[in-house]
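Secondary and tertiary structure notes
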Amino acid sequence: MQQVSQYVGGERDYAKLYGDTGPLVYPAAHVYIYRLLYTLTDEGRDIKLGQYVFIVLYLATLLLVMQCYRQAKVPPYIFPLLILSKRLHSIFVLRLFNDCFAVFFLFLAIYCYQRRFWTIGSLAYSLGLGVKMSLLLALPGIGIVLWQGIGRNTALRQAMMMGQLQILLAYPFLAANPWSYASRAFELSRQFLFKWTVNWRFVGEETFLSREFSLALLAAHASLLGLFITTRWLHCSVGEAIEQLVRPPSQQVQANISRRVTPDFILRTVLSAVIIGCQCARTLHYQFYTYIAWSTPFLLWRSGLHPVLIYVIWLAQEWAWNVFPSTKTSSMVVAGCLTLTVGSTWLGADKLKGSSDQAEAKVQRAT
């Protein structure tokens, strides 16, 4: 609210927008959303009304998540895990974090892609990215979904549209000081504090702050994305994918590829990209649980784990995220649950791919 009050006062230079929590480090859509909350809550003084707004946001996001799960044919026993998180309720209704809006737009985008409303989905994703750059974690998965779902050329047009929306949202700030906006709203070199980390406390402060640790996480992130792209997300070989990038396939071949971009595949690809990003993140703060809490139940189910084991992992993860401040033990559990989710997702996707290939071979033999 302090930062928004300066915006209301006419300040458009991001370098000069400060508050007790520090400088403004979120993109333009965040400013517009909290500008609306500034008006609704009497400049931030009516906290209860703000909480009611976030209750509505929580229920709307939960509805979207459930619809995405429903599109992917997730069984009913998974759904209770979507509503039982104490930490998630705290993030939405007590802390009022902007991650709540970002995750709403993420699942809105996923739902639109599942229904094949490609343009609306891309606009929703770009709006979420305009709230917080954390949604960049989903970008590799969304890129794969768009490329295979609508083809190279149309996917590139969607990417350009996303970029144009970002420029449109940021125009008042870009006109005032473009470098200030770009360096603050999408700052990639930010130095994180060890005292706030939820996932890496067990490695110790010296390791956490080291450049070697940062580079190792970056390398792990790139390697895992490469592994998933080449072995799990592509519906063709790497060589064929490169060829399709250089020379797009015929309409018939593209239609065959697009048919395999099912609601289940879309949800699995985007959420696994998010979880890979969280596993290899430089640090996770408590608000990042908004992206994790509604991703892991689906991924654990899709990996083929027994329902009891899914609930055990969920309980361990929920316990770890409710320890404040984080401890060595809780951070090990957080990192371990993320690693287990990523590993089981990769292994489970292999089984899915094998059964899908067998089904497709049967159809081809029959025809």
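Residues numbered from 1 in each chain as written. Predicted model: local features only at pLDDT ≥ 70, side-chain atom pairs only at ≥ 80, totals over all residues. Heavy atoms only, no water.

Going by what an unreviewed UniProt entry lists, the protein is known as Dolichyl-P-Man:Man(5)GlcNAc(2)-PP-dolichol alpha-1,3-mannosyltransferase and is assigned to Vermiconidia calcicola.

**What about the overall build of the protein?**
We count it as follows: Secondary structure follows DSSP: runs of H or I at least 4 residues long count as helices, runs of E at least 2 residues long count as strands, and numbering of each begins at the N terminus. As a reference, a globule follows 2.2 Å times the number of residues to the power 0.38, and the radius of gyration itself is taken over C-alpha atoms. A simple rule labels every residue: compare its accessible area, found with a 1.4 Å probe on the protein chains alone, to the largest value its type can have, and call it buried under 20%, exposed over 50%, or partly exposed in between. The contact criterion used is simple: two residues touch if any of their non-hydrogen atoms lie within 4.5 Å. Here the Shrake-Rupley method, with its probe set to 1.4 Å, supplies the accessible areas, and only the displayed protein chains count as covering residues. By the counting scheme adopted, Arg and Lys are positive, Glu and Asp are negative, and His together with the chain ends is not counted. Where a charge lies is defined by one atom per residue type, namely NZ (Lys), CZ (Arg), CG (Asp) and CD (Glu).
Scanning the protein from N- to C-terminus turns up 18 helices and 2 strands. Taking 367 residues into account, the globule formula puts the C-alpha radius of gyration at 21 Å, and the protein, at 21 Å, falls close to it. Taking the principal axes of its C-alpha atoms as reference, the protein extends roughly 70 × 45 × 40 Å. The buried share of the protein, taken over its 367 residues, is 49%. Of the contacts formed within the protein by residues at least 6 apart in sequence, a portion of 77% connects residues at least 24 apart. Counting every atom, the protein has about 17400 Å² of accessible surface; 65% of that belongs to carbon and sulfur. Across the protein, 32 positive and 18 negative side-chain charges occur, with their mean positions spaced 7 Å apart.

**Remarks on helix H13 (residues 251–259)**
Test applied: Directions are taken from the helix axis to each C-beta atom, and the arc is the one they span.
What H13 keeps buried is the set Gln 254, Ile 257 and Ser 258. On an axial view of H13, the arc spanned by its buried residues comes to 100°, and they lie on one face. Exposed residues lying more than 90 degrees from the buried face of H13 are Gln 252 and Arg 259. Against helix H7 (139–150) and helix H12 (238–246) lie the buried residues of H13.

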